[in-house]
Amino acid sequence: MSKDHQAPRLQPGKVVKPPLRALEVFEAAARHGNFTAAGRELGITQSAVSRQITDLEATVGSTLFTRNGVRLAITPTGLRLSERLARALGEVRAAVSEIGAAECIVTLSMLPSVAAKWFAPRLTRFVASHPDIDLRITASRHLVDFGAEGIDAAIRYGIGPWNGLYCRRLARETVRPVCTPGYLEKQNIFEPDDLVRATLLHGDIPETWSAWFLAAGCKLSAPTGPRLGDDTAILQAALDSQGVALGRSLLVAEDLASGRLIAPFGIGLAASFSYWFVYPATVTPGRSLRLAESWIVAEFSDQDTLDLSP
């Protein structure tokens, strides 16, 4: 492009529809002040950059660059265009970046006990499998408002399914007495009837000590003992050798595997509730949410400790 090159003049009132690719090439060339560097950034040749600039000049009807030998200079018209393009393309790139970042965020809601006793021990595995997903866990006992609280999906514990939600059953579980080996030995517990000597820890799940005693054929009357509303607190009390808890198999699996807790009796109750993966039925899940769901389903499927047979 010689210094005396003149681009065709634009006819007054004519609507200009410049090719977006040419605008992108021009913005890069103006920013670098060099066609070769612009081509390197965009993955095209220097001659391809030059052709795009020539086509854009023909479209807008004005010279955008002048050359004097190997020196390249942007014209006043080109400078005005490049400044506005830089702002516009910067906003577009920022918007795309924000959308991409939002797509990588997955916010899951679950019970505090599930977050602490099931998910937390697996967090490293999730990060290793999906390092590009920004996972955020909210632990709560109430039924979340997905839209108002910014929740993408939840692991819910209940009878299910629920209207208005996509519901995928993850697992059922069993409930059996659990305690530390030291507590069992200290209280001389060998048979279910020996639990009369134990401190029985009560929760708020449908499966009660009375139901378990009935299933075990015990002659004990309805037991009394401390009542803790949260399973995490109940299991911590059991881990501290404060008594015997009715352990939900999903929540005690890690403690049983490590030997911190034991399930001394083979008698269990089938839990009334199941674990479900849920999100609003009107939502089309993005890639990150689909990957998170697949990982959670696989983790539940691999957990063969949901049956606590000794």
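Residues numbered from 1 in each chain as written. Predicted model: local features only at pLDDT ≥ 70, side-chain atom pairs only at ≥ 80, totals over all residues. Heavy atoms only, no water.

## Looking at the nonpolar core
Across soluble globular proteins, you tend to see nonpolar side chains buried next to one another.
Part 1 of the reasoning: One finds Leu-195, Trp-212 and Ile-296 to be the most contacted residues of the largest nonpolar core, which totals 56 residues.
Part 2 of the reasoning: Sort the elements by how many residues they give to this core and helix α12 (residues 287-302) lands first, with six residues.
Part 3 of the reasoning: Not counting the four nearest positions on each side in its chain, Ile-296 is found in contact with Leu-108, Trp-118, Phe-119, Ile-155, Leu-170 and Phe-277.
Part 4 of the reasoning: Counting residues in hydrophobic clusters, the runner-up holds 15 residues, among them Val-25, Phe-26, Leu-64 and Phe-65. (Core = buried A, V, L, I, M, F, W, Y, C linked by side-chain atoms within 4.5 Å. Buried < 20%, exposed > 50% of the residue type's maximum accessible area, 1.4 Å probe, protein only. Helix = DSSP H or I, 4+ residues; strand = E, 2+ residues; numbered from the N terminus. Contact = heavy atoms within 4.5 Å.)

## What about the sheet that holds strand β11 (residues 274-280)?
Part 1 of the reasoning: Taken in spatial order, the five strands line up as β4-β3-β5-β11-β6 in an open sheet, and their pairing is mixed. Two strands in the sheet have a free side with no partner beyond their single neighbour: β4 (134-139) and β6 (165-171). Ignoring strand direction, the axes of neighbouring strands in this sheet form an average angle of 25 degrees.
Part 2 of the reasoning: Inspection of the sheet shows strand β5 (residues 153-158) paired to β11 by five bridges, in the antiparallel sense. Each residue of the ladder has a partner; that of Arg-156, found in β11, is Trp-276. (Pairing = 2+ DSSP bridges. Axes fitted to C-alpha atoms, helices over the stretch in contact; angles between N-to-C directions.)

## Regarding the pattern of salt bridges
Part 1 of the reasoning: Counted under the stated rule, the structure contains 16 salt bridges.
Part 2 of the reasoning: Linking Lys-117 and Asp-255 is a salt bridge whose minimum nitrogen-to-oxygen distance equals 2.8 Å. Of this pair, Lys-117 sits in helix α5 (residues 112-119) while Asp-255 sits in helix α11 (residues 249-258), and the two are 138 residues apart along the sequence.
Part 3 of the reasoning: For Lys-117, a relative accessible area of 15% corresponds to the buried category.
Part 4 of the reasoning: Among the residues examined, Asp-255 registers a relative accessible area of 2% and is labelled buried.
Part 5 of the reasoning: Measuring nitrogen to oxygen at the nearest pair gives 3.2 Å for the salt bridge that ties Arg-122 to Glu-299. Here Arg-122 is found in the loop between α5 and α6 (123-129), whereas its partner Glu-299 is found in helix α12, with 177 residues between them in sequence. We note that Arg-122, like Glu-299, is buried.
Part 6 of the reasoning: Put simply, Arg-122, Arg-125, Glu-254 and Glu-299 are held in one network by salt bridges that share partners. (Salt bridge = Lys/Arg side-chain N within 4 Å of Asp/Glu carboxyl O.)

Everything listed is a geometric property; what it means functionally is a separate question.
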